Amino acid sequence: MSWDEQTDGVEERLVGAAADRDDLAVEAALRPKDFGEFIGQTRVREQLDLVLRAARARGATADHVLLSGAPGLGKTTLSMIIAAEMGAPIRITSGPAIQHAGDLAAILSSLAEGEVLFLDEIHRMSRPAEEMLYMAMEDFRVDVIVGKGPGATAIPLELPPFTLVGATTRAGLLPPPLRDRFGFTGHMEFYEPAELERVVHRSAGLLAVEVTKDGAAEIAGRSRGTPRIANRLLRRVRDYAQVRADGVVTHEAARRALAVYEVDERGLDRLDRSVLHALLNLFGGGPVGLSTLSVAVGEERETVEEVAEPFLVREGLLARTPRGRVATPAAWRHLGLTPPTREGGTGQDGLFGM
């Protein structure tokens, strides 16, 4: 499960990376069980496989693992694979759920030897719990404070060796002392379209959905490099194909279905396009301040900045500058508009030296 901080309505986006209840139910059935089934993340997968094989050969508990990257790329899945490869049980919790050191002490003290503890959104854990985790990771020991004030006593509690798998979408918020205690750190990259095609084909097989090569490619191309989004789009296209076609996910069925759901060929949805339309049509491509742009779009400032902008920037459609937000030449081309001519005969392209 993901405990990302989301604004109201964000979780309902078809191309949103946060998992909703339907996603969690489906992902449980689609989740790969070992490295052989896991698609993508070749470098992280190979490195992790070596770490785990070496630990098994030594008969030791695997090193603590930190996985960073955007939501929906497979951090939870990899944690379960780590547990399966080590033949150990896994316990799943989240940073926001651990608000006191006592919460963490209760979890750690109940772990079995070799057990894997998956801590999602680890950067959102409270500071007292974080400081307790330092000692637990390094020395497999915690000090439980009994009493208050001058009469308080620290009782050392020995822990069995365990493997902590921490996951974060914002690795920069982790304090260095915590990052340094992880024996392996892997960064999850966005998927290439070819990898997402394989994800779509695999998921379609498990869901008993017939999908053509072109149909899978069409879904993969609009999935923002994220398997979770690819699986969600596949389910919506499947619904369309069952109701308005012959049940086969073809290129045409995928194209028509995603047009109904307002997901265009680059994976932009209504919110993304409304930001670009306002920036281009109302402000001539910018620069314009974030607050002004948010008012024009009719969304909260945080929604535009944290939900829409990251993907638009990654796609090269929008740039953040000291003077404000600016549309790139690619944004004008994507919406089929012509950049206005600036004073001195310089067009929007001139801002980017293109």
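Residues numbered from 1 in each chain as written. Predicted model: local features only at pLDDT ≥ 70, side-chain atom pairs only at ≥ 80, totals over all residues. Heavy atoms only, no water.

Participant: Outline the overall build of the protein, supporting the account with residue identities and numerical values.
Facilitator: Across its full length, the protein holds 14 helices and nine strands. In the protein, which comprises 354 residues, the proportion classed as buried is 48%. Roughly 16800 Å² of accessible area belongs to the protein as shown, and the carbon and sulfur atoms make up 50% of that amount. (Helix = DSSP H or I, 4+ residues; strand = E, 2+ residues; numbered from the N terminus. Buried < 20%, exposed > 50% of the residue type's maximum accessible area, 1.4 Å probe, protein only. Areas by Shrake-Rupley, 256 points an atom, 1.4 Å probe, with all protein chains shown as cover.)

Participant: Any details on the environment of R238? Residues and values, ideally.
Facilitator: Mapping R238 onto the fold places it in helix α9 (residues 227-244). With residues up to four places along the chain from it excluded, the contact list for R238 reads L207, V209 and V249. Separated by 3.4 Å, the side chains of R238 and D239 make a polar contact. (Contact = heavy atoms within 4.5 Å. Polar contact = N/O pair within 3.5 Å; in protein donor to acceptor, adjacent residues only side chain to side chain.)

Participant: Describe the confidence of the model for the protein, and please don't skip the residues or the numbers.
Facilitator: Taken over all residues, the pLDDT of the protein has a mean of 84, while the share at 70 or more is 88%. Low pLDDT, under 50, characterises residues 1-11; the predicted model gives this stretch 24 contacts beyond four residues in sequence or across chains. Long-range and interchain partners of residues 344-354, a stretch whose pLDDT sits below 50, account for 22 contacts in this model, where long-range means more than four residues apart. (pLDDT = per-residue confidence, 0-100.)

Participant: Describe the layout of surface pockets, listing the residues and the values that go with them.
Facilitator: In this model, the second largest pocket occupies a volume close to 180 Å³. Taken together, 14 residues form the lining of the second largest pocket, with Y191, P193, R224, G225 and E315 sitting closest to its centre. Every element with two or more residues in the lining of the second largest pocket is listed here: α7 (193-206), α8 (213-221) and α13 (301-314). A per-class count over the lining of the second largest pocket returns six nonpolar, three polar and five charged. (1 Å grid on protein atoms, 1.4 Å probe; cavity = no way out; pocket = protein on both sides within 12 Å on 5 of 7 lines; lining within 4 Å. Points joined across faces, edges and corners; volume = space filled by probe spheres on them. Nonpolar A, V, L, I, M, F, W, Y, C, P; charged D, E, K, R; others polar.)

Participant: Can you break down the nonpolar core residue by residue, with the values?
Facilitator: Grouped together as the largest cluster of nonpolar side chains are 43 residues, with contacts concentrated most on L48, V65, L78, I82, V165, I219 and V237. Among the nonpolar cores identified, the runner-up in size contains 24 residues, and L108, L119, M132 and F182 belong to it. (Core = buried A, V, L, I, M, F, W, Y, C linked by side-chain atoms within 4.5 Å.)

Participant: Mind laying out the sheet that holds strand β2 (residues 90-94), listing which residues take part and the relevant values?
Facilitator: Taken in spatial order, the five strands of this open sheet run β2-β3-β6-β1-β7, and their pairing is parallel. Each edge of the sheet is formed by a strand with only one pairing partner; in this case those strands are β2 and β7 (184-187). Taken over all neighbouring pairs, the strand axes of this sheet differ in orientation by 15° on average, direction set aside. Here strand β1 (residues 65-68) pairs with strand β6 (residues 163-168) via four bridges, running parallel. Its bridge partner being in β6, L67 is matched across the sheet by A167. Against the sheet, helix α2 (residues 42-58) touches β1 and β7, its axis set at about 160° to β7. Where helix α3 (residues 75-86) meets the sheet, it contacts β1, β2, β3 (116-120) and β6, and its direction lies at approximately 175° from that of β3. (Pairing = 2+ DSSP bridges. Axes fitted to C-alpha atoms, helices over the stretch in contact; angles between N-to-C directions.)

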